[in-house]
Amino acid sequence: MNSSDVAAKRMFLSAPHMSGREIEYVQQAFDSNYIAPVGPQLNQFEESFREITGFKHCVAVSSGTAGLHLALLGLGIKPGDIVLGSTLTFIGSVASVKYCNAELVFVDSDRHSWNISPELLAEEIERLISAGKKPAAVLPTELYGQPCDLDRILEVCEPHGIPIVCDSAESLGATYQGLPTGRKAKVAISSFNGNKIITTSGGGMIASDDEELINQCRYLATQARQPVLHYEHNDVGFNYRMSNVVAAIGIGQLEVLAERVNQKRQIAAWYAERFEAVDGIALMPETDYGRSTRWLTVATLDPHQLSTRPLDVIAALESYNIESRPVWKPLHLQKAFADCRCVGGEVSTEFYENGICLPSGTTMDQSDVNRVCDIVIDSLK
Ligand SMILES: Cc1ncc(COP(=O)(O)O)c(C=O)c1O
């Protein structure tokens, strides 16, 4: 590699990737003059989302974080209720539990899927129920696009009537047992943040088959206004609705969702091919029950075989103007959640210490992936 590589354009972890059609839908939004959190593009975006995912009802909101907040409120989560969530995730996943002043209990990862461990979850739920403290909800993250094993989680939750709020922020377009991911949960949330598999620049979706729940979320997202002309309020709501202009971008992005997932998976396959022959590097495994979006390709460095640590590799890539990141720092290790219990924690800590999120933008071609791999492999020497 020479100095011109260093000066080359920055390679981002997962940059927005427009299809080109979005601008036409945005123009339509402008033409309709619905420059507001209501309008035909917003309706069309929700309709397309329902068609693609099979959910009967959905409501578009300003972010995935807002979606999770409303989903919990819609389910009636109140101060003091217990919600079990993944520790290996982004803060936006469980901040909602704190917004509700509920008690957040973290659960460690499963070693194979990296998602919440169904075994530890089952043990904790049984323990809490025996103590007379039935959890009010379970909120598992589908990490880096890997679907959760919802059948196993349902097995534990369903007999006790505990709803599952599936955090599908990173997994839109993934499948579980052949179904769009999250379909078996009570409610699933997507994110359209700029780095997600498809983006509206920022935004989220709450989806469920429960019409009443989605109506309640829509009501809370629009300042809890009563359907009368004057401003009548029986509750204090939020200003969380998605803008019609932003939804227009989403229409164009949904058209290429399947293509983007295939591109992400191809990128992961190229990385796998290159790392196959390198001792000590492995990719985050994919389960046999689902098809991940591979939103980000994540590699682990085995500390018993390699002295190079993830931060060394990240620094090496950065010197070539390439962005990479550590795996999410488990939330039970963060000061903000010092008051939260964690069931287990060693597995997610190990993933954090040994993992690297590699550039996975869908505009990357095989030569980009090879360039990243050359730098990574070189940094191991
Ligand atoms: C797992 C996970 N949950 C929740 C969120 C929050 O979504 P948003 O950024 O749209 O609020 C994100 C990403 O941003 C995420 O990766």
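(A) Region of interest: the packing of helix H11 (residues 310-318) against helix H13 (residues 366-379). Their axes nearest at 9 Å, the elements H11 and H13 cross at an angle of 130 degrees. By the angle between their directions, the pair H11 and H13 is classed as oblique. The hand of the H11/H13 crossing is right-handed. For the pair formed by H11 and H13, the contact residues are Val313, Ala316 and Leu317 on the first element and Val372, Ile375, Val376 and Ser379 on the second.

(B) Here's a closer look at the domain arrangement of the protein chain. Taken domain by domain, the protein chain holds domain 1 (22-255) and domain 2 (258-379). The gap between the C-alpha centroids of domain 1 and domain 2 is 25 Å. With 43 residues of domain 1 at the interface, the matching set in domain 2 holds 37 residues. Between domain 1 and domain 2, a total of about 3,700 Å² is buried, with carbon and sulfur atoms accounting for 63% of that surface. Of all residues in domain 1, Phe106, Trp114 and Tyr144 bury the most surface against domain 2, accounting for 23% of the area lost on that side. Seen at the junction of domain 1 and domain 2, the total is three salt bridges. Notably, a salt bridge pairs aspartate 339 with lysine 98, separated by 2.8 Å at the nearest N-O pair. Along the contact surface separating domain 1 from domain 2 lie 25 residue pairs in polar contact (both at pLDDT 80 or more). Put simply, the parts of the chain that give the side of domain 1 that touches domain 2 at least two residues each are helix H5 (91-99), strand S3 (103-107), helix H6 (118-130) and strand S6 (175-176). Among the residues forming the side of domain 1 that touches domain 2, the class breakdown is 20 nonpolar, 14 polar and nine charged.

(C) Representation of the sheet that holds strand S15 (residues 355-358) within the structure. Pairing is antiparallel across the open sheet formed by four strands, whose spatial order is S10-S12-S15-S13. Each end of this open sheet is capped by a strand with a single partner; those strands are strand S10 (281-283) and strand S13 (325-326). Judged from the three bridges that link them, S10 and strand S12 (residues 297-301) form a sheet pairing that is antiparallel. Note that in S12 the partner of alanine 282 across the bridge is threonine 300. Sheet strands in contact with H11 are S12, S13 and S15, and its direction is about 25 degrees off that of S15.

Calculation rules
Residues numbered from 1 in each chain as written. Predicted model: local features only at pLDDT ≥ 70, side-chain atom pairs only at ≥ 80, totals over all residues. Heavy atoms only, no water. Axes fitted to C-alpha atoms, helices over the stretch in contact; angles between N-to-C directions. Helix = DSSP H or I, 4+ residues; strand = E, 2+ residues; numbered from the N terminus. Parallel < 35°, antiparallel > 145°, perpendicular 65-115°, else oblique. Left-handed = near helix turned anticlockwise from the far one by under 90°. Contact = heavy atoms within 4.5 Å. Domains from an automatic or database assignment. Buried area = accessible area lost by both parts, 1.4 Å probe. Salt bridge = Lys/Arg side-chain N within 4 Å of Asp/Glu carboxyl O. Polar contact = N/O pair within 3.5 Å; in protein donor to acceptor, adjacent residues only side chain to side chain. Nonpolar A, V, L, I, M, F, W, Y, C, P; charged D, E, K, R; others polar. Pairing = 2+ DSSP bridges.

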